[in-house]
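Now for the letters of each chain:
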2 protein chains.
Amino acid sequence: MRRMSDGVEAALHCALVLSGLPENKVLAGKHLAELHGVSESYLLKHLRALTAADVIIAVPGPRGGYRLAHIPQQITLLDIVEAIDGKEPAFICREIRRRAPGKSQDSCNYKRDCFIKSRMLAAEQLWRNALHSQTVADLMQDGEQQISPSSKLLVSDYLNLHAR
Amino acid sequence: MRRMSDGVEAALHCALVLSGLPENKVLAGKHLAELHGVSESYLLKHLRALTAADVIIAVPGPRGGYRLAHIPQQITLLDIVEAIDGKEPAFICREIRRRAPGKSQDSCNYKRDCFIKSRMLAAEQLWRNALHSQTVADLMQDGEQQISPSSKLLVSDYLNLHAR
């Protein structure tokens, strides 16, 4: 499979961190960047994409920042991945089947999708369905179970200090 | 999902065409290119990748060409896709979870994969499994049912003329 944008990893981690904010609080881009060890300019590009896709809300102004646009149960992993990498299919059919010398060019003969396209799109739909069936709430539950107590404390202290 | 190489479509169609060759016959790269309406130089790059991945065999010499390296039932769609696009995972984990200020750098604290990585890799594994469960023989069966009689005749005439 083609490599995803590395922004996907950052976006998923950002969504998880933002899920830990108290209601109506936001976290500034510079703090999200610091928490994830990436540059603010790098992260801003991806935060803009998440905002455009209605995954997060950008509150402007000197006391502004980001928060989730919906409750964690309503933000799927697919929403986040597609915000960064787009919704286009991975497999592109260029209708190679029509190109052999002598092949009919009448589109009535090609009403049905090429079966190669159908099989390829069906396979990637399984990936998409899997990501659609998981939400930020699942990540929160994983975090609850798998992040060490000291790491949890570190992040919650950071949020308490910087949320606004 | 990130767009695949457009060589994937060409490679899948080439494998299907080669499955129609009489036993021990080959088809030259220039004829595979002509049948698919692509340039020979473009296709050669992908035929080399398919050869390196043991999907097809390249028979050298002036009477040379390509044939499938295995029976159609033993060549999966995943073999073909990975020959062109590689076997690397799409999601790359850069261990962002370790980067927050103050986070432990002791790798003993990160023995288990990040749960975000686990969920992302599990999703793409569904795509991989689907492609692994389908073979060139399935494409042959689709072709039998869905390609029009006139198109079938056109390709089989072409193969009779150019197979060697």
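For the structure, check the block above.
Quick notes on the rules
Residues numbered from 1 in each chain as written. Chains lettered and ligands numbered in written order. Predicted model: local features only at pLDDT ≥ 70, side-chain atom pairs only at ≥ 80, totals over all residues. Helix = DSSP H or I, 4+ residues; strand = E, 2+ residues; numbered from the N terminus. Buried ≥ 20, exposed ≤ 12 C-beta atoms within 10 Å, placed from the backbone. Contact = placed C-beta atoms within 7 Å. Nonpolar A, V, L, I, M, F, W, Y, C, P; charged D, E, K, R; others polar. Pairing = 2+ DSSP bridges. Axes fitted to C-alpha atoms, helices over the stretch in contact; angles between N-to-C directions. Parallel < 35°, antiparallel > 145°, perpendicular 65-115°, else oblique. Left-handed = near helix turned anticlockwise from the far one by under 90°.

Things to note about the overall build of chain A
Reasoning step 1: Along the backbone of chain A there are 7 helices and 2 strands.
Reasoning step 2: The linear arrangement of helices and strands in chain A, starting from the amino end, is α-α-α-β-β-α-α-α-α.
Reasoning step 3: With the C-alpha coordinates of chain A rotated into their principal frame, the extents come out at 70 × 35 × 25 Å.
Reasoning step 4: Buried positions account for 35% of the 164 residues belonging to chain A.

A word on the interface of chain B and chain A
Reasoning step 1: Between chain B and chain A, the residue contacts involve 50 residues of the former and 50 residues of the latter.
Reasoning step 2: Elements that contribute at least two residues to the side of chain B that touches chain A include exactly helix H1 (7-18), helix H2 (29-36), helix H4 (77-85), helix H5 (115-132), helix H6 (136-146) and helix H7 (149-162) of chain B.
Reasoning step 3: By residue number, the principal contributor to the side of chain B that touches chain A is H5 of chain B, which donates 9 residues.
Reasoning step 4: Looking at side-chain class alone, the side of chain B that touches chain A contains 26 nonpolar, 9 polar and 15 charged residues.

Here's the deal with the pairing of strand E1 (residues 56-59) of chain B
Residues and elements named next belong to chain B.
Reasoning step 1: Bridging between E1 and strand E2 (residues 65-68) involves 4 bridges; their strand directions are antiparallel. Considered in E2, the bridge of Ile 57 is made with Arg 67.
Reasoning step 2: In sequence, E1 turns back onto E2 through a hairpin of 5 residues, with Gly 61 there showing a positive phi of about 100°.

Comments concerning the packing of H1 of chain B against helix H3 (residues 40-52) of chain B
Residue and element names in this part refer to chain B.
Reasoning step 1: Running from N to C, H1 and H3 cross one another at 65°; their axes reach a closest spacing of 10 Å. Taken together, H1 and H3 sit at an angle that is classed as roughly perpendicular. The two elements H1 and H3 cross, and the hand of that crossing is right-handed. Of the residues in H3, those touching H1 at Gly 7, Ala 10 and Ala 11 are Leu 43, His 46 and Leu 50.

A short note on unusual backbone geometry
For residues other than glycine, phi is negative in most cases, and the peptide bonds are mostly trans.
Reasoning step 1: Backbone geometry at Asp 54 of chain A places phi at a positive 65°, although glycine is not the residue there.
Reasoning step 2: With respect to the secondary-structure elements, Asp 54 of chain A resides in the loop between helix H3 (40-52) and strand E1 (56-59).

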